[in-house]
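Structural characterization, general
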Amino acid sequence: MSFEIESLTLVGNTGTYLDAPYHYYEDRADLARLPLERLVGVPIAVVRASGRDAVTALDLGDPQRLWGRAVLVHTGWARHWGTPRYLNLDCPHLSAGAVDALVDANAALVGIDSVRIDDPDDPARTAHARLLGADIPIIENLTNLDAVPDAGSRLTALPAPVRAMGSFPVRAVAVH
């Protein structure tokens, strides 16, 4: 018989992680106050944008298919996971127009298979500011999006419900 008690120290932005609106706005939902309907069993819309540096509104397709969904942007960048190249800031990201389209489409959550969702040349970090300002959580560093069908699956991505914290690792799981 054994009995384990563990201790863990980590940075909230570790591995595949979720940003709550509190990450940018102290008066918005922290990890503990995120609505579960944005995190559990959320219908998925996958956006295929392989080879794109900047994912545009045109790449997102029909905004109606994004309404209330977990929009997962598959750029193929995850193939670099675990290599020095993965951390380069020249990674795929969302254009300002794509961010506007996602906010207008009332996405439940937005995820990307890249190290950052923001344009590296945008010091205002428009994607974070606009999505989190619209109470849309963000997941970065997703992997295996090539295995997720374009539609018909549901996402569950739960962070620990920590108060006064804006980012935390998640196990993001798509079920078809």
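The rules behind these values
Residues numbered from 1 in each chain as written. Predicted model: local features only at pLDDT ≥ 70, side-chain atom pairs only at ≥ 80, totals over all residues. Heavy atoms only, no water. Helix = DSSP H or I, 4+ residues; strand = E, 2+ residues; numbered from the N terminus. Buried < 20%, exposed > 50% of the residue type's maximum accessible area, 1.4 Å probe, protein only. Pairing = 2+ DSSP bridges. Axes fitted to C-alpha atoms, helices over the stretch in contact; angles between N-to-C directions. Contact = heavy atoms within 4.5 Å. Core = buried A, V, L, I, M, F, W, Y, C linked by side-chain atoms within 4.5 Å.

The phi angle at Arg 125 is positive, at roughly 50°, despite the residue not being glycine. Position of Arg 125 relative to the elements: it lies in the loop between β6 (109-112) and α3 (126-133). Of the residues examined, Arg 125 reaches a relative accessible area of 26% and is grouped as partly exposed. Even without glycine at this site, Asn 144 takes up a positive phi of about 65°. In this structure, Asn 144 sits in the loop between β7 (138-140) and β8 (154-157).

With that settled, the discussion passes to the sheet that holds β7. With mixed pairing, the 8 strands of this open sheet are ordered in space as β9-β1-β7-β6-β4-β2-β8-β10. Of all the strands in the sheet, just β9 (167-169) and β10 (172-175) have a single pairing partner and so form its edges. Within this sheet the neighbouring strands show an average axis-to-axis angle of 30°, counted without direction. Running at roughly 145° to β7, α3 makes contact with β1 (17-19), β6 and β7 of the sheet.

For a regular strand, the rule is simple: side chains alternate between the two faces of the sheet. Of the two faces of β8, only the one carrying Leu 155 and Ala 157 is buried; Arg 154 and Thr 156 on the other face are not. Relative to β8, strand β2 (residues 42-48) is paired through 2 bridges, and the arrangement is antiparallel. Across the sheet, the residue bridging to Pro 43 is Arg 154, located in β8. The sheet contact formed by β8 and β10 spans 4 bridges and is antiparallel.

Time to look at the nonpolar core. Leu 60, Leu 66, Leu 94, Leu 102, Val 110, Ile 117 and Leu 131 are the most contacted members of the largest nonpolar core, which has 24 residues in total. Counting residues per element, the ones that place at least two in this core are β2, β4 (70-74), α2 (96-104), β6 and α3. In terms of residue count, α2 provides more of this core than any other element does, 5 residues in total. Sequence-distant contacts of Leu 66, that is, excluding residues within four places in its chain, are made with Ala 45, Val 47, Leu 60, Val 71, Leu 102, Ala 105, Asn 106 and Ala 107. Core analysis: the next-biggest nonpolar cluster, separate from the first, contains 21 residues, Ala 29, Leu 72, Ala 108 and Ile 139 among them.

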